[in-house]
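Here is what each chain is made of, one letter per residue.
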Amino acid sequence: MNETEKMLAFVEKSPSAYHAVDNICSTLEKDGFTRLEEEEKWEIQPGKHYFVVRNGSSVIAFKVPQSSAENFQIVAAHDDSPAFKIKECATNSASKPYVLINCERYGGMILSTWLDRPLSVAGRLLVRKDGAIETVLVDAQEDVALIPNLAIHMDRQMNEGYVYQPHRDMRPVFGLGEDGENRFLELLAKKAGVEKSEIIQKELILYNRMPGSIWGADREFVSSPRLDDLQCVYGALEGFRQGENKNSVSVLAIFDNEEVGSETRQGADSEFLKDVLKRIFLALGKTEEEFCQAIASSFMVSADNAHAVHPNHPEKADADNKPFINGGIVIKFSPKYATDAESAAVWKEICALADVPVQVYMNRSDIAGGATLGRISGTHVSIPTVDIGLAQLAMHSSYETAGTKDSEFLVRAVEKFYSVWIKRNGTRIKLVTE
C-alpha cells in the first residue's frame, strides 16, 4: 500500500510529461546524480551516476559501475498519456457568451470519460528572460474548465450509443464574456510567476483534476489519471534508485510521445537512447568494437501497462492468456511486441529471484494490439527486450484502474533486475548475483 500511495503522489505531481521529467530529475539530483547536457562534452567517471534530458520531456539516467562496464541493462517506460492538447489560439468565442478552450486529441483517448470532469491546464511556457528564451513549467492546479454533457432530455437515444464529434462535443468551457484569449494568458502568467508580455510560446494540455483513490472491499484497487504509463515510470524509477550492479551500466529511459507513435527527437523512435549509450562508452575510453560487443550482450525491459481481464467483458480477452489485477507483472506477447522466448525466460528468472509473481498477456486472435517502446527503440538499438506491464482496466480513460499490490511487485522486480548481472556467452545466459 505504501508504494501505491507514493505512486499516486508522483502521478499527482506529474500532470504533463514535462512535470514528470522535472520530478524525476529532482529525485535523481537529491540522490546525487549529475546532470549532463547533450551539447557539452561528457566527463564520466566509474562509480558515478548521471542523467540527461532531451526537450524537457524525456530523460535517460544511468549508473556507471566502479569496475569495468561490460554491457547495459535498461528499463524503458513512457511519461505521456492521452489528453487534450491546447491549440495555438487557445480560446474560441464562437458560442458566445461562453468562452471555450480550443483543443485537439492527443493519443487514443476514451472521449466519454472526459465529460463532466474538472479539468486543469499544465505544460510549459517559453518566455523572454534577460535577453534569452527560457522554459518555465506551469500547472494551474485548480479547476479551470469542464466539458458538459448534453442533457438526456435533448437526446433521448444517447444511452443507445453516441458517436462523439471532437470538434463539436469535446469543447471545454473556460468562462463567460469577452476577451477569452487575454484572460487565459493572464491565468498562465499568474500561475507560472511571469509577466504576460514575457510569454513567447506555450505547449499545454488539459488534464483530469480528480485525485487518485484506493478503494475496494480490501482496498485492492487504485484508480487515477495517467496510470498508463506513470505507474510503470514510478516503479522503474524506484527500482532503479535501489538497485546496484558491479558489472553493467544500469540505465533508466523515460520517453515522451509514445501515445502518438514516438516519432519525435525525444521519442523512442529517435536516436536518443543510442546516442546516450554510445557517449557513455566513448567517455569511458572504450572503442567502437567494445560498444558493439556491449550492445550485443545487453538487455532491455520495456514497461508499459497491460490489459487486465474486464469483469463485464471477459470475452474480449484470450481465454488462456489473460492477466488479472494484482496477479503479478505481466509479460506481453505479440508479433508487434519485442518479447521472445529468450527474453521472457530471463525476466521470469529475475522475478523468481525477487519473489514476484508473473502472468502473461496475448491479444485475442481477432483483436490487434499496438506497438511498444521495446519494439520501436529496437529499430535503433538492437537489444534483447521483454515487454512487460501491470494489469489495468479502462486503459486510455481519463481515470484508469489498477491493483494496489502490483506497484510494489514492479519496484521489487526492477530493483532485482538492476542488481543482477545478465551475462551472455553465445546462447548461454547466466544471472550473476553478487
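Residues numbered from 1 in each chain as written. Predicted model: local features only at pLDDT ≥ 70, side-chain atom pairs only at ≥ 80, totals over all residues. Heavy atoms only, no water.

## Notes on helix α8 (residues 341–353)
No. 1: For α8, which comprises 13 residues, the first-to-last C-alpha distance of 19 Å matches the rise-based estimate of 18 Å (1.5 Å per residue) to within 8%.
No. 2: Within the sequence span of α8, burial applies to Ser343, Ala344, Val346, Trp347, Ile350 and Cys351. Here the buried residues of α8 occupy an arc of 160° about the axis, which is enough to place them on one side. Relative to its buried face, α8 has exposed residues pointing more than 90 degrees away, namely Ala341 and Ala352.
No. 3: For α8, the side-chain oxygen to backbone nitrogen distance between the N-cap and Glu342 is 3.2 Å, and the N-cap itself is Asp340.
No. 4: Of the residues flanking the end of α8, it is Asp355, one or two places downstream, whose phi is positive at about 55°. (Helix = DSSP H or I, 4+ residues; strand = E, 2+ residues; numbered from the N terminus. Expected span 1.5 Å × (residues − 1). Buried < 20%, exposed > 50% of the residue type's maximum accessible area, 1.4 Å probe, protein only. Arc of directions from axis to C-beta. Polar contact = N/O pair within 3.5 Å; in protein donor to acceptor, adjacent residues only side chain to side chain.)

## Regarding the sheet that holds strand β11 (residues 213–215)
One key point about sheets: their strands pair by backbone hydrogen bonds, in either a parallel or an antiparallel sense.
No. 1: Pairing is mixed in the open sheet, where 5 strands are placed in the order β11-β12-β20-β19-β15. The sheet is open, and its two borders are formed by β11 and β15 (306–307), each paired with just one other strand.
No. 2: Pairing of strand β19 (residues 391–393) with strand β20 (residues 400–403) involves 2 bridges; the strand directions are antiparallel. Paired with Leu393 across the two strands is Thr401, which belongs to β20.
No. 3: The strands touched by helix α1 (residues 2–12) are β11 and β12 (221–224); relative to β12, the strand with the most contacts, the crossing angle is about 5°.
No. 4: The sheet contacts of helix α5 (residues 227–242) involve β12, β19 and β20, and relative to β20 the element is tilted by about 35°. (Pairing = 2+ DSSP bridges. Contact = heavy atoms within 4.5 Å. Axes fitted to C-alpha atoms, helices over the stretch in contact; angles between N-to-C directions.)

## What about unusual backbone geometry?
No. 1: With an omega of 5°, the peptide bond between Lys96 and Pro97 qualifies as cis.
No. 2: Each neighbour pair has its own omega, and for Asp228 with Asp229 the value is 15°, a cis peptide bond.
No. 3: In this structure, Asp229 sits in helix α5.
No. 4: Here the phi dihedral of Arg226 falls at roughly 65°; this positive angle occurs in a residue that is not glycine.

## So, the nonpolar core
No. 1: Of all hydrophobic cores here, the largest spans 53 residues; its most connected members are Ile329, Trp347 and Phe417.
No. 2: Membership of the second largest hydrophobic core comes to 33 residues, among which are Phe84, Leu119, Phe184 and Leu188. (Core = buried A, V, L, I, M, F, W, Y, C linked by side-chain atoms within 4.5 Å.)

## With respect to the layout of surface pockets
No. 1: Counted as a void, the largest pocket has a volume near 670 Å³.
No. 2: Around the largest pocket sit 33 residues that line it, and Ala306, His307, Tyr361, Asn363 and Met395 are the ones nearest its centre.
No. 3: Broken down by secondary-structure element, the contributors of at least two residues to the lining of the largest pocket are β15, β17 (358–362) and β19.
No. 4: Here the residues of the lining of the largest pocket are counted per class, giving 14 nonpolar, 11 polar and 8 charged. (1 Å grid on protein atoms, 1.4 Å probe; cavity = no way out; pocket = protein on both sides within 12 Å on 5 of 7 lines; lining within 4 Å. Points joined across faces, edges and corners; volume = space filled by probe spheres on them. Nonpolar A, V, L, I, M, F, W, Y, C, P; charged D, E, K, R; others polar.)

## Topic: the environment of Leu252
No. 1: Along the chain, the position of Leu252 falls in strand β13 (residues 248–255).
No. 2: Separated by 19 residues in the primary sequence, Leu252 and Val233 place their C-alpha atoms 9.4 Å from one another.
No. 3: With near-sequence residues (within four places) excluded, Leu252 lies in contact with Val59, Ile60, Ala61, Val75, Ala236, Leu237, Phe240 and Tyr418.

## Thoughts on the pairing of strand β18 (residues 385–389)
No. 1: Across the 5 residues of β18, 5 count as buried, placing the element largely inside the fold.
No. 2: One ladder, built from 4 bridges, connects strand β14 (residues 299–303) with β18; its direction is parallel. Counterpart to Met300 in the pairing with β18 is Thr385.
No. 3: Both strand β16 (residues 329–333) and β18 contribute to a ladder of 2 bridges, which runs antiparallel. Following the sheet pairing, Ile331 is matched in β18 by Ile388.

Read these as spatial facts, not as claims about activity.
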